[in-house]
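# Survey of secondary and tertiary structure
As a plain string of letters, each chain reads:
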Amino acid sequence: MNEIGNKGEQASVAQLGLSNVDMAYWNLHPSELIEETIIRGEGFLTDVGALAIDTGEFTGRSPKDKFVVYDENTKDSVWWGDVNNRFESDKFDILHNRMLAYLGGKEIWVRDAYACADPQYRINIRVVNEFPWSNLFSYNLFLRPTAEEIKTFAPDWTIINAPGFKADPKIDGTRQHNFAIINFTKKIILIGGTGYTGEIKKSIFTVLNYILPHHHKVLSMHCSANIGKEGDTAIFFGLSGTGKTTLSADPLRKLIGDDEHGWSDKGVFNFEGGCYAKCVDLTAEKEPQIFNAIRFGSLLENIGCYEGTTTVDYSDISRTENTRVSYPAQYIDNAVTPAVGDMPKNIFFLTCDAFGVLPPISKLTTGQAMYHFISGYTAKVAGTEMGITEPTTTFSACFGKAFLPLHPTKYAELLGEKLKKHKVNVWLLNTGWVGGSYGVGSRIKLSYTRALITAALTGKFDAAEFGTSRNFSLAFPKACEGVPAELLDPRNSWADKNAYDDKARNLAEQFNKNFAQYASAANEEILSAAPSVEATA
Ligand code: ATP
Ligand code: MN
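Residues numbered from 1 in each chain as written. Chains lettered and ligands numbered in written order. Predicted model: local features only at pLDDT ≥ 70, side-chain atom pairs only at ≥ 80, totals over all residues. Heavy atoms only, no water.

Looking now at the overall build of the protein chain. When you go through the protein chain residue by residue, the secondary structure sums to 14 helices and 31 strands. The C-alpha atoms of the protein chain give a radius of gyration of 23 Å, which matches the 24 Å a tight globule of 537 residues would have. Judged by the C-alpha coordinates and their principal axes, the protein chain covers about 75 × 55 × 50 Å. Burial status across the protein chain gives 59% buried among its 537 residues. (Helix = DSSP H or I, 4+ residues; strand = E, 2+ residues; numbered from the N terminus. Rg over C-alpha atoms; globule rule 2.2 N^0.38 Å. Buried < 20%, exposed > 50% of the residue type's maximum accessible area, 1.4 Å probe, protein only.)

Structure follows, in structure tokens:
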């Protein structure tokens with residue numbers, strides 16, 4: 001067997017059961033991975049030098065094909081159900097062996113990396129990729145050990161990532177041919193049948209969402225984070241597409257990270273070493289930092305180019321709406337290394353309310369903060385189907401239910417303790433619709449959302465006059481520099497007030513219906529923050 005590249009003297013893929021591979025390339029430099037991807041015909045360089053690839057059949061995560069191995073360790077701790085589908089441990093071993101056999105005779109790419117910028121919680125990860133571009137993703141997204149550290153690197157967790165391996169549900173016990181399976185006892189993750197790179201990062205996020213709260217009482221969070229000039233940390237929770245990555249890239253503030261963080265007794269730390277930004281409709285004017293991060297070393301996924309050129313057309317969503325780019329965090333000018341910050345001073349809950357009911361910004365009481373954290377609301381606009389204009393609600397507990405191996409109340413309890421202990425302002429930001437629902441109103445301008453965040457962070461709302469929204473009783477400031485005042489009161493921004501009242505009531509009902517499943521675990525303070533479904537203000 002051949003193994004080349006930068007690896008520890010003791011390290012060998014034979015330890016992973018891969019002694020029969022054709023060649024194992026260890027910790028290659030991004031330029032080598034890029035070159036190899038192009039030689040294999042799996043990608044090309046765009047005019048700015050970024051590598052563009054297609055992830056294949058899957059261009060997004062597949063939550064129904066995510067499993068956790070059920071065993072002594074996990075049976076009483078994991079929150080079993082649709083989020084954490086149960087996988088039998090003997091089936092896991094069979095599938096694991098079948099994947100190792102599949103990789104036999106092939107070239108593989110190995111990456112030594114780690115997660116958690118706080119050394120106290122660091123976990124070492126060894127990723128085995130079937131494709132060189134997936135290995136580049138692993139390099140970009142995880143934290144990168146030095147050449148010296150690689151010499152003695154010992155993995156805690158191993159990821160086997162084989163997009164070309166297709167499971168047979170009859171033999172393997174999977175739902176279909178693709179899968180992402182976490183084994184907490186063996187500390188092995190198997191990802192197969194899908195080339196979507198996001199599965200790699202989100203599997204480790206899921207692992208940390210178990211280890212940190214369960215063993216260390218550290219709150220793990222689906223949020224972005226940055227630091228102001230005074231050293232003040234802000235975090236931005238939100239579901240996909242609500243603005244975590246976009247809004248955390250702020251020229252006035254230093255970036256900690258764009259997606260996954262821990263909150264310990266010392267402060268906030270990033271789990272990752274890179275960012276994974278959405279590319280749809282990206283422009284240099286609206287999102288200069290992200291736009292400029294797309295260069296040599298960055299990995300573009302599923303994008304299209306203007307005909308006859310290698311210039312990316314960011315409006316091209318013919319392959320998927322979920323076009324993406326990954327790059328090391330340091331590609332954003334003002335990223336901090338190590339990626340840690342003090343205790344958060346401000347927390348933003350981002351929601352893309354396509355119904356246009358919630359105010360662009362409101363300040364939450366502690367009860368409301370807990371209520372909205374447990375609810376985890378956002379909305380999805382209608383797909384491409386003709387004539388369908390009604391958005392749908394999504395409620396995803398802790399703004400990241402899909403990644404929670406423990407029951408949501410575990411995370412809520414930790415957040416509650418932290419909110420009580422530290423003086424934190426909690427804001428709800430509607431990065432979605434104003435002036436009417438989807439189809440009537442429009443998405444609030446990014447520049448307005450940024451102005452609202454800056455005002456909140458610089459204390460501009462401390463002495464502001466606040467109004468109260470209907471049904472939800474949200475306290476919104478009546479004025480903010482750089483934002484038209486009529487937009488701040490959502491009802492006011494609608495031409496048809498009756499239509500607003502109907503929508504607000506309807507949304508309140510949906511909140512209540514969703515919250516019913518958590519009501520027994522909530523105290524009086526949280527329950528009293530539920531929206532009212534009464535017709536009058
Ligand atoms: P994921 O968890 O999938 O990474 P995310 O929360 O990081 O999602 P972003 O990548 O920041 O989401 O996506 C927000 C998208 O919405 C971007 O494409 C951004 O340009 C667009 N957008 C439009 N208007 C706004 C606004 N007012 N605030 C935030 N984002 C906006
Ligand atoms: Mn993001």
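There's more to say after this.
To continue, consider the environment of Ile332. Relative to the helices and strands, Ile332 resides in the loop between strand E21 (324–328) and strand E22 (340–341). Looking at Ile332, the relative accessible area reads 1%, which means it is buried. Aside from chain neighbours lying at most four places away, what touches Ile332 is Leu255, Gln289, Ile290, Ala293 and Tyr327. (Contact = heavy atoms within 4.5 Å.)

It is worth spelling out the site of ligand 1 at this point. Taken together, 19 residues surround ligand 1, and among them Ser240, Lys244, Thr245, Glu287 and Arg324 come closest. With respect to ligand 1, the backbone of Gly241 contributes an N or O atom lying 2.9 Å from an oxygen atom. Within the side chain of Glu287, an N or O atom sits 2.5 Å from an oxygen atom of ligand 1. In isolation ligand 1 has 650 Å² of accessible area, and contact with the protein removes 91% of it. Mapped onto the shell around ligand 1, the elements with two or more residues apiece are helix H7 (244–248) and helix H11 (446–457). Sort the elements by how many residues they give to the shell around ligand 1 and H7 lands first, with 3 residues. Per-class residue counts for the shell around ligand 1 are 3 nonpolar, 9 polar and 7 charged. (Near = heavy atom within 4 Å. Polar contact = N/O pair within 3.5 Å; in protein donor to acceptor, adjacent residues only side chain to side chain. Areas by Shrake-Rupley, 256 points an atom, 1.4 Å probe, with all protein chains shown as cover. Nonpolar A, V, L, I, M, F, W, Y, C, P; charged D, E, K, R; others polar.)

Quick look at the nonpolar core now. Counting residues in each nonpolar core, the largest one holds 105 residues, and the members touching the most others are Ile347 and Phe349. With 8 residues, helix H6 (residues 198–216) is the single largest residue contributor to this core. Here Ile347 is in contact with Ile235, Phe237, Trp263, Leu415, Leu419, Val424, Asn425, Val426 and Trp427, once residues within four sequence places are set aside. Within the second largest apolar cluster, 26 residues are counted, among which are Leu16, Phe87, Leu103 and Ile181. (Core = buried A, V, L, I, M, F, W, Y, C linked by side-chain atoms within 4.5 Å.)

Turning our attention to the pairing of strand E15 (residues 260–263). Side chains of E15 alternate between two faces, with Glu260 and Gly262 and His261 and Trp263 buried alike. Direction of pairing for E15 relative to strand E16 (residues 268–270): antiparallel, over a ladder of 3 bridges. Bridge assignment links His261 to a residue of E16, and that residue is Asn270. Hairpin geometry of E15 and E16 is characterised by an intervening segment of 4 residues between the two adjacent antiparallel strands and by a positive phi of about 145° at Gly267. (Pairing = 2+ DSSP bridges.)

Let us look at a nonpolar patch on the surface. Judged by side-chain polarity, Ile38, Leu45 and Phe296 come together as a nonpolar surface patch covering roughly 230 Å² of accessible area. Tracing the sequence through the fold places Phe296 in the loop between helix H8 (288–293) and strand E18 (299–301). (Patch = residues over 30% accessible without salt bridge, like charges linked within 9 Å, V, L, I, M, F, W, Y side chains within 5 Å. Salt bridge = Lys/Arg side-chain N within 4 Å of Asp/Glu carboxyl O.)

Here the focus is the pairing of strand E17 (residues 274–278). Every other side chain in a regular strand lies on the same face of the sheet, so the side chains alternate between the two faces. Counting buried residues along E17, 4 of its 5 residues qualify, which places the element largely inside the surrounding structure. In this sheet, E21 lies alongside E17 in antiparallel orientation, the contact comprising 5 bridges. Bridge assignment links Lys278 to a residue of E21, and that residue is Arg324.

Turning our attention to the side chain of Arg111. Mapped onto the elements of the fold, Arg111 is located in strand E7 (residues 107–115). Buried and unpaired, Arg111 has no salt bridge, with Glu32 as the nearest side chain of opposite charge at 7.3 Å. At a separation of 3.2 Å, a polar atom in the side chain of Arg111 contacts the side chain of Asn135. Other than its neighbours up to four places away in sequence, Arg111 contacts Asn27, Leu28, Leu33, Ile125, Arg126, Val127, Asn135, Ser138 and Tyr139. (Lys, Arg positive; Asp, Glu negative; His and termini not counted.)

For the rest of this paragraph, the subject is the packing of aromatic side chains. Under the defined criterion, the tally for this structure stands at 34 aromatic pairs. Both rings, one in Phe348 and one in Trp427, keep their centres 6.5 Å apart while their planes meet at 20°; by these two values the pair is stacked. A residue pair is termed long-range when its members are at least 10 positions apart, and Phe348 in strand E23 (residues 344–351) and Trp427 in strand E27 (residues 425–430) qualify at 79 residues. The exposure classification of Phe348 matches that of Trp427, with both residues buried. Measuring from centroid to centroid gives 5.5 Å for Tyr377 and Phe395, while their planes differ by 40°, and the two rings are tilted. A residue pair is termed long-range when its members are at least 10 positions apart, and Tyr377 in strand E25 (residues 377–380) and Phe395 in strand E26 (residues 392–395) qualify at 18 residues. (Phe/Tyr/Trp six-rings, centres within 6.5 Å; stacked < 30°, edge-to-face > 60°.)

Turning to helix H1 (residues 30–39), a few remarks are in order. If you check which residues of H1 are buried, you get Pro30, Leu33, Ile34, Glu36 and Thr37. Viewed along the axis of H1, the buried residues span an arc of 165°, placing them on a single side of the element. Every exposed residue of H1 that faces more than 90 degrees away from the buried side is listed here: Glu35 and Ile39. Looking at the packing, one finds that the buried side of H1 touches strand E3 (43–45), strand E4 (51–53), E7 and helix H3 (132–141). (Arc of directions from axis to C-beta.)

Moving on, we get to unusual backbone geometry. In most cases, non-glycine residues show a negative phi, while peptide bonds are predominantly trans. In this model, Thr337 is joined to Pro338 through a cis peptide bond whose omega is -5°. Mapped onto the fold, Pro338 is located in the loop between E21 and E22. Positive phi values are uncommon outside glycine, yet Lys187 reaches one of about 55°. Positionally, Lys187 belongs in the loop between strand E10 (179–183) and strand E11 (188–192). Phi is positive for Ser473, which is not a glycine, with a value near 50°. Mapped onto the elements, Ser473 comes out in the loop between strand E30 (466–468) and strand E31 (475–477).

One open sheet accounts for 5 strands, arranged E3-E4-E18-E21-E17; its pairing is mixed. Edge positions in the open sheet fall to E3 and E17, since each of these has one partner strand only. Between one strand axis and the next, the sheet turns by 20° as a mean value, whatever way the strands run. Contacts between H1 and the sheet are confined to E3 and E4, with E3 contributing the most and set at about 120° to the helix. (Axes fitted to C-alpha atoms, helices over the stretch in contact; angles between N-to-C directions.)

Further remarks concern the environment of Thr197. The residue Thr197 is located in the loop between E11 and H6 in this model. The class for Thr197 is buried, based on a relative accessible area of 0%. A sequence separation of 18 residues divides Thr197 from Phe179, and the C-alpha atoms of the two residues are 13 Å apart. Non-local contacts of Thr197, meaning those with residues more than four positions away in its chain, are made with Trp133, Phe137, Tyr276 and Glu301. At 2.3 Å, the side chain of Thr197 and the side chain of Glu301 are in polar contact.

Read these as spatial facts, not as claims about activity.
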